[in-house]
Amino acid sequence: MEQLGAQNEVLEHINQSAEQIYVDTDKILTITFVGLIKLDHLFFKINGYRAIFNEDMEAKFAGHHDCRLGKWYDTGTGKQLFSQYASYPKIEPPHQGVHDNIIAGHALMLQHGNAHDCLEEIYKYFQAAELASDDVVKYLDGLCEEKLATLV
């Protein structure tokens, strides 16, 4: 009988350890997943800035629904796993702001035929894009925190 009790304790310990591993894995996946989304967002900005600084007149930019973050948000895993959290609906407006401002800066450069003649105006678009980007990151971080709080 004593042996059976010891086996039950071992099995209970293994079960608790497995549950903790599952929770820890889910936490790591959440943090990594949101981190990758932030990287995609950063790459969009870098490519936009690079196109303007290099005066790339042929550059094309995805709208905020067509980039990876937008697809993740609208129909992808982001919507599936995160749409129930308070930070989720806060992401779209600043995300659109980032796209709109970078696209507007590029369009301004195209109108002038170069970036040099309109740097001050482009800089204003960059500032607005950066402010919006700060909010995107803030809300993505909030989303991550909200999800992690449920994984106890």
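Rules behind the numbers
- Residues numbered from 1 in each chain as written.
- Predicted model: local features only at pLDDT ≥ 70, side-chain atom pairs only at ≥ 80, totals over all residues.
- Heavy atoms only, no water.
- Phe/Tyr/Trp six-rings, centres within 6.5 Å; stacked < 30°, edge-to-face > 60°.
- Helix = DSSP H or I, 4+ residues; strand = E, 2+ residues; numbered from the N terminus.
- Lys NZ or Arg CZ within 6 Å of the ring centre and 35° of its normal.
- Buried < 20%, exposed > 50% of the residue type's maximum accessible area, 1.4 Å probe, protein only.
- Contact = heavy atoms within 4.5 Å.

### Quick word on the packing of aromatic side chains
Then step 1. The full count for this structure, using the stated rule, is eight aromatic pairs.
Then step 2. With 5.7 Å between their ring centres and 45 degrees between their planes, Trp72 and Phe82 make a pair best called tilted. Pair noted here: Trp72 is in helix H2 (residues 68–74) and Phe82 is in helix H3 (residues 77–82), with a separation of 10 residues, a long-range link.
Then step 3. Ring-pair connections join several aromatic residues into one group, and the members of that group are Phe33, Trp72, Phe82 and Tyr85.
Then step 4. We note Lys147 situated over the ring of Phe82; from NZ or CZ to the ring centre the distance is 5.9 Å.

### So, the side chain of His95
Then step 1. Note that His95 resides in helix H4 (residues 88–112).
Then step 2. Look at His95 and you get buried, because its relative accessible area is 3%.
Then step 3. With residues up to four places along the chain from it excluded, the contact list for His95 reads His41, His64, Cys67, Leu69, Gly70 and Val136.

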